[in-house]
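Understanding the architecture of this molecule
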Amino acid sequence: MKVGILGTGRMGQGLGELLRGAGHDVALGSRTPADTGFPSSSLELVATQSEVVLIALPHVAIEPNIDLLRTIAPDTVVIDLANSVRVDDGRIRSALDKPHGRWLANLLPHAKVARAFTHVHDELLVSRATRQPNTWAIAVAADDPIALATASELVRSARYVPVSVGDLDHSGVLDPGGPLFPNMYLPGDMYDLLHGGAAGVGR
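To start, this report covers the structure provided alongside it. Remember, predicted model here, so these are calculated numbers, not experimental data.

The next thing to look at is unusual backbone geometry. Cis peptide bonds are those with omega within 30 degrees of zero, and the linkage from Phe181 to Pro182 qualifies with -5°. Of note, the phi angle at Asp89 is positive, near 55°, even though the residue is not glycine. Within the element layout of this structure, Asp89 appears in the loop between β6 (85-88) and β7 (91-94). Residue Phe117 is not a glycine yet carries a positive backbone phi of 70°. Assignment of secondary structure puts Phe117 in the loop between β8 (112-116) and α5 (125-131). Assessed through its relative accessible area of 1%, Phe117 is described here as buried.

Geometrically, a pair of aromatic rings is defined through the distance of the ring centres and the angle of the planes. Across all of its chains, the model carries zero aromatic pairs by this definition. Taking the ring centre of Trp136 as reference, the NZ or CZ of Arg128 above it sits at 4.6 Å.

Now for the sheet that holds β8. Taken in spatial order, the eight strands line up as β3-β2-β1-β4-β5-β8-β9-β10 in an open sheet, and their pairing is mixed. Two strands lie at the open edges of the sheet, namely β3 (41-42) and β10 (161-164), each paired on one side alone. Packed on one face of the sheet, helix α4 (residues 100-107) meets β4 (52-55), β5 (77-80) and β8 and runs near 160° to β8. Each of β1 (2-6), β4, β5, β8, β9 (137-142) and β10 touches helix α6 (residues 145-157); the most contacted strand, β9, lies at about 165° to it.

By the secondary structure assignment, Leu18 is in helix α1 (residues 10-21). The exposure class assigned to Leu18 is buried, which follows from its relative accessible area of 8%. Linking Leu18 and Leu154, residues 136 residues apart in sequence, is a C-alpha distance of 9.6 Å. Leu18 has contacts with Leu125, Val126, Ala129, Thr130, Ser157 and Ala158, leaving out every residue within four places of it along the chain.

Cut-offs and rules
Residues numbered from 1 in each chain as written. Predicted model: local features only at pLDDT ≥ 70, side-chain atom pairs only at ≥ 80, totals over all residues. Heavy atoms only, no water. Helix = DSSP H or I, 4+ residues; strand = E, 2+ residues; numbered from the N terminus. Buried < 20%, exposed > 50% of the residue type's maximum accessible area, 1.4 Å probe, protein only. Phe/Tyr/Trp six-rings, centres within 6.5 Å; stacked < 30°, edge-to-face > 60°. Lys NZ or Arg CZ within 6 Å of the ring centre and 35° of its normal. Pairing = 2+ DSSP bridges. Contact = heavy atoms within 4.5 Å. Axes fitted to C-alpha atoms, helices over the stretch in contact; angles between N-to-C directions.

Right, here's the structure in full:
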């Protein structure tokens, strides 16, 4: 799969490493490609030439680049990795009044938006995948079944276990202040936390 990752922070670089290792054709897009110190292209080039686009930009960089993001081809699967964070009375919370995935889908109605990888500490992403592959869970949400399947495939490629939490209206569990953020769980523990059951994970 031709995967474009917009953003070259630790999450973008880490996912690039994991997905390349799984055989995907990965391109990293940077707002300042000349300054990254490793191979990267412009955001526009990566956004328009990828089969699936992962948005690993800071939340505050999304709206300033919205015209560029709207050049993504219609019906492309876009996976939202960003978080909008505030601290309220010593507690971490989302700064949005709706789930981040729904917020992005409203900005990009021509794309098939999914949400994944957002509740994982970026410094643990590669180490957990390489030292304990196919062990830890990543929650996934999407309205569109193709987006859900694509996001789940990339989660498996990164050597994690996908756990569907439903559509984007229910994706707030991945956001700051949600029960999954900012922690890692085994699939059964994640399912029990969200549903109180012990079946149906990784499907």
